[in-house]
Each structure stands twice: as structure tokens, then as C-alpha cells.
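Here is how the chains run, residue by residue.
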Amino acid sequence: MSLRHALLGLLSERPASGYDLLKRFETSLANVWPATQSQMYTELSKLAENGLISVSAQGPRGRKEYTLTDDGLAELRHWLTETKPQRNSRSDILLRVFFLNVITPDQARSYLTDLMELSVQEHEALRRLADSIDWGDDPLSVNGKIALEYGLRFNAMRREWAAWAVDQIRQNEGATPQDSAEEARA
């Protein structure tokens, strides 16, 4: 996914200004694809230059309202149907897990406990977001609820996994590297 496709998707619902898109982005897509205001406005300019959106109205202080063009809708549909989602292949969290043996068991458990707490905080933030939205039956609301549920379930799973990992470290605390290598071969 790219910011390009996120903006095209939001504009497929209705025309909007950059400010309106930023607000809609913050309450719907920011949990799955974060972007800054400057990134968003830069991308809107590129989309307009490429004919994927057009400026349908201009207001005071340079306010522009953008509309999705037929080419923009075709690009969004192509992305949805013809391109495979990119698998996230990098995880700073899991890379650190691979090397927890470099630190003390207490530090490793602390890292994982912090991860549990982060997952709880993110789950609570998503729950508050879900409760603050006046959900409708429009496609963005329905699909937004589905995406938000993914975030809730992901954070619950990550918290549960981190608790399990703490137990694994606790169980293996007395093992030497040689013991661990022998267990891996068995």
C-alpha cells in the first residue's frame, strides 16, 4: 500500500480538502498507514499532476477541494485487484527477539513486558477510537470497523505472545548456550 492509494480510497467516498482528508485519515487509516501532513499534501500534488485527482473547488486561504478522476478510480481498482499486497518483511520488534540472549534474562523479560504494556495501550487507544466514532453503514465505516477489529485482535495476540515469551525465558533461564544448541538439534 502507499499513501497514494490511501488518498485515492478516501476520495472514492467523496470530494474533500487536504484538511478534511487529514482529519479522515487520522480517524480511520492512521493505525494502518501513518502519514504526516506534509507527506499528504505532497502526495496530493503528485496525484493532481498525474491526473488521478482534480481540484474541484477552491476557497479562502488557498483551500482546495479534490475529486477523484476516472483515471484515479481506475488506478485504485487496479491496485485493489491486480497487485498483490506486500508482505511486511521487516520487524524491529522480532529482530530484537532473535538477540535477547545478548542481554540478561531480566532485561529480556523487561523488553517483553514493555511490549505487553505497549500492546495493552494500543488496544485501549483503538477501543477509545472505536467508541468515539459515529459508525454508519457507509462503506468506509463498515471497512473501517473491519480494519479496526484487526488492530484490536493483533494487539491482543501480541500481548498474549509476549506473556508466553516471558514464560519461555523464565523456563530457560538456567540453560547455557550449549544446552540450547543441543535442544535445538534434538
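Just above sits the structure.
Residues numbered from 1 in each chain as written. Predicted model: local features only at pLDDT ≥ 70, side-chain atom pairs only at ≥ 80, totals over all residues. Heavy atoms only, no water.

K.L.:
Could you give an account of the overall build of the protein chain, with specific residues and numbers?
P.N.:
Looking only at helices and strands, the protein chain features eight helices and three strands. Moving toward the C terminus, one meets the helices and strands of the protein chain in the order α-β-α-α-β-β-α-α-α-α-α. Radius of gyration (C-alpha) of the protein chain: 22 Å, far over the 16 Å computed for a compact globule of 186 residues. Referenced to the eigenvectors of the C-alpha coordinate spread, the extents of the protein chain come out at roughly 70 × 35 × 30 Å. Going through the 186 residues of the protein chain one by one, you find that 25% of them count as buried. Of the roughly 12,800 Å² of accessible surface on the protein chain, 52% is carried by carbon and sulfur atoms. (Helix = DSSP H or I, 4+ residues; strand = E, 2+ residues; numbered from the N terminus. Rg over C-alpha atoms; globule rule 2.2 N^0.38 Å. Buried < 20%, exposed > 50% of the residue type's maximum accessible area, 1.4 Å probe, protein only. Areas by Shrake-Rupley, 256 points an atom, 1.4 Å probe, with all protein chains shown as cover.)

K.L.:
For unusual backbone geometry, give the residues involved together with the corresponding values.
P.N.:
Among all residues except glycine, the phi angle is most often negative; among peptide bonds, the trans geometry is most common. Even without glycine at this site, Arg-61 takes up a positive phi of about 55 degrees. For Arg-61, the location among the structural elements is in the loop between strand E2 (53–58) and strand E3 (64–68).

K.L.:
Describe the nonpolar core, with residues and values.
P.N.:
Leu-7, Leu-8, Leu-11, Leu-21, Phe-25 and Ile-53 are the most contacted members of the largest nonpolar core, which totals 19 residues. Of all the elements, helix H1 (residues 3–13) adds the most residues to this core, at six residues. The contacts of Leu-7, once residues within four sequence positions are left out, are Leu-21, Met-40, Glu-43, Leu-44 and Leu-47. Counting residues in hydrophobic clusters, the runner-up holds eight residues, among them Leu-100, Ala-108, Met-116 and Val-166. (Core = buried A, V, L, I, M, F, W, Y, C linked by side-chain atoms within 4.5 Å. Contact = heavy atoms within 4.5 Å.)

K.L.:
Kindly report on the pattern of salt bridges, identifying the contributing residues and their values.
P.N.:
In a structure, side chains of opposite charge can pair up when their charged atoms sit close to one another. This structure, assessed with the given rule, holds eight salt bridges. Two residues, Glu-149 and Arg-153, come together in a salt bridge whose shortest N-O distance is 2.8 Å. You can see Glu-149 and its partner Arg-153 sitting in helix H7 (residues 139–171), four residues apart, about one turn around the helix. (Salt bridge = Lys/Arg side-chain N within 4 Å of Asp/Glu carboxyl O.)

K.L.:
Got a sec to walk through the packing of H1 against helix H3 (residues 37–49)? Specific residues and values, please.
P.N.:
The N-to-C vectors of H1 and H3 enclose an angle of 75 degrees; their axes lie 10 Å apart at closest approach. Between H1 and H3, the angle falls in the class roughly perpendicular. Along the contact surface, H1 presents Leu-3, Arg-4, Leu-7 and Leu-8, while H3 presents Gln-39, Met-40, Glu-43, Leu-44 and Leu-47. (Axes fitted to C-alpha atoms, helices over the stretch in contact; angles between N-to-C directions. Parallel < 35°, antiparallel > 145°, perpendicular 65-115°, else oblique.)

K.L.:
Break down the pairing of E2 for me, with residues and values.
P.N.:
Of the strand pairs in this sheet, E2 and E3 are connected by five bridges, and their pairing is antiparallel. Within E3, the position partnered with Gln-58 by the bridge is Lys-64. (Pairing = 2+ DSSP bridges.)

K.L.:
Describe the pairing of E3, listing the residues and the values that go with them.
P.N.:
Here strand E1 (residues 16–17) runs beside E3; their pairing, made up of two bridges, is antiparallel. Considered in E3, the bridge of Ser-17 is made with Glu-65. The hairpin formed by E2 and E3 contains five residues between the paired strands, and Arg-61 there has a positive phi angle of roughly 55 degrees.

K.L.:
Would you mind going over the sheet that holds E1 in detail, with residue names and values included?
P.N.:
Taken in spatial order, the three strands make up an open sheet running E1-E3-E2, and their pairing is antiparallel. Whereas interior strands pair on both sides, the edge strands pair on one side only; in this sheet they are E1 and E2. Sheet strands touched by H1: E1, E2 and E3. Its angle to E3, the strand with the most contacts, is close to 90 degrees.

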